[in-house]
Amino acid sequence: MRNTLTIATRGSRLALWQAEHVKSCLQAIRPGLEIRLNVIKTKGDIILDVPLAKVGGKGLFVKEIEEALLNGEADLAVHSMKDVPMELPEGLILGCVPPREDPTDCLLSHKYDSVAALPPNACVGTSSLRRQSQLLAQRPDLRIESLRGNVDTRLRKLQEGMYDAIILASAGLKRLGLSAPHMHALDPHTFLPAVGQGALGIECRENDYELFTLLAEMEDSATRVCVEAERGFLAGLEGGCQVPIAGHARLLDNDTLRLEGLVAEVDGSRILRCSKDGHTSQARRWGLELAGEILEQGGKGILEKLYRQS
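As annotated in an unreviewed UniProt entry, the protein carries the name Porphobilinogen deaminase and comes from Desulfovibrio falkowii. Turning to the protein, the UniProt record has this under Pathway (unreviewed entry): "Porphyrin-containing compound metabolism; protoporphyrin-IX biosynthesis; coproporphyrinogen-III from 5-aminolevulinate: step 2/4." The Catalytic activity (unreviewed entry) comment attached to the protein in UniProt states, word for word, "4 porphobilinogen + H2O = hydroxymethylbilane + 4 NH4(+)".

### Details of the nonpolar core
With 25 residues, the main nonpolar core has Phe233, Leu237, Ile245, Leu259 and Val263 as its most contacted residues. Put simply, the parts of the chain that give this core at least two residues each are α9 (221-237), β11 (245-251), β12 (256-264), β13 (271-279) and α10 (283-309). Leu5, Leu26, Leu33 and Cys204 belong to the second-largest nonpolar core, a separate cluster that totals 17 residues.

### Focus: the packing of aromatic side chains
Under the counting rule described, the total for this entry stands at one aromatic pair. Residues Tyr209 and Phe212 carry aromatic rings whose centres are separated by 6.1 Å and whose planes lie at 70 degrees to one another, so their mutual orientation is edge-to-face. Residue Tyr209 and its partner Phe212 are both found in helix α8 (residues 209-215); the two are separated by three residues, about one turn of the helix. For Tyr209, a relative accessible area of 60% gives the class exposed.

### As for the sheet that holds strand β7 (residues 143-145)
Strand order across the open sheet formed by five strands is β7-β6-β8-β5-β9, with mixed pairing between neighbours. Either end of the sheet is taken by a strand with one partner, and the two such strands are β7 and β9 (182-186). Each strand axis lies, on average, 25 degrees off the axis of its neighbour in the sheet, ignoring direction. Bridge count between strand β5 (residues 105-109) and β9: five bridges; the pairing is antiparallel.

### A few points about the packing of α9 against α10
Think of two packed helices as two axes; the pair is described by the angle between the axes and how far apart they sit. At a minimum axis separation of 7 Å, α9 and α10 run at an interaxial angle of 35 degrees. The interaxial crossing formed by α9 with α10 has right-handed handedness. Side by side, α9 and α10 meet where Val225, Glu228, Ala229, Arg231, Gly232, Phe233, Ala235, Gly236 and Leu237 of the first sit next to Ala283, Arg284, Gly287, Leu288, Leu290, Ala291, Ile294, Leu295 and Leu303 of the second. Of the residues belonging to the contact of α9 with α10, the class tally is 12 nonpolar, three polar and three charged.

Each value, and the rule that gives it
Residues numbered from 1 in each chain as written. Predicted model: local features only at pLDDT ≥ 70, side-chain atom pairs only at ≥ 80, totals over all residues. Heavy atoms only, no water. UniProt positions renumbered as here; feature names shortened; annotations may be inferred. Core = buried A, V, L, I, M, F, W, Y, C linked by side-chain atoms within 4.5 Å. Buried < 20%, exposed > 50% of the residue type's maximum accessible area, 1.4 Å probe, protein only. Helix = DSSP H or I, 4+ residues; strand = E, 2+ residues; numbered from the N terminus. Phe/Tyr/Trp six-rings, centres within 6.5 Å; stacked < 30°, edge-to-face > 60°. Pairing = 2+ DSSP bridges. Axes fitted to C-alpha atoms, helices over the stretch in contact; angles between N-to-C directions. Left-handed = near helix turned anticlockwise from the far one by under 90°. Contact = heavy atoms within 4.5 Å. Nonpolar A, V, L, I, M, F, W, Y, C, P; charged D, E, K, R; others polar.

And the structure:
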């Protein structure tokens, strides 16, 4: 039994919180275990003056971290699950999915308490095409402006009056204890979150059996099943986190899950949304099947057009 571990993580306040959270959980399971953090800058952290959708490529926030795992510079990595590409590099595996935090998106503003309350032509900050498309479907008059940077930076820009409202993941706000005068959680029934949003993924080398045993103590089977369904949907669409794709799964009971998926035009003029119920043992299969249904209904044309433009 080794007594030290190294966690690879991004350097943002939220990423460090997540890494420290996993560190404390592991040390609670094995008291005396020494854990250090290896802070790594990823491409997504370095390029901040370009909207994510225009940066291009998958794994913007994980590639350099995965290289550290493969090179032996770290034993495990803590990711926001929504940033993890569908295909992991050879030799790496998703060793653990801990319990999920709130998966919703949240509208934050200093004056307005809902999307409906925003004045005509209000400026909303987000760099997510998924959020943009669903906002414009509800309010075509809104002006969507790019918003990059860590959570603190985005909240500061809101406070400085650069936007009438911004949209952030509820999970990050709760983990960091951050707030704004008006905060409105966007119900997944009307505003679907990103695939994997609110969940963490712990990645490690596939031959590290000792670490698997330790990580098993943190595994949450319900979160794993839901994330597998959502990621199956994303895989079936061959999409990434920079396109207008949304997916959210929840358990109806111990054996049945409901998966909802969405593909949209960037301007919100067309929203394709479907759902599927299935047994939890076939979570990924239901995701793939739901993707096929949405592609047949017109999702293929929407995504192909978007990829041609990018």
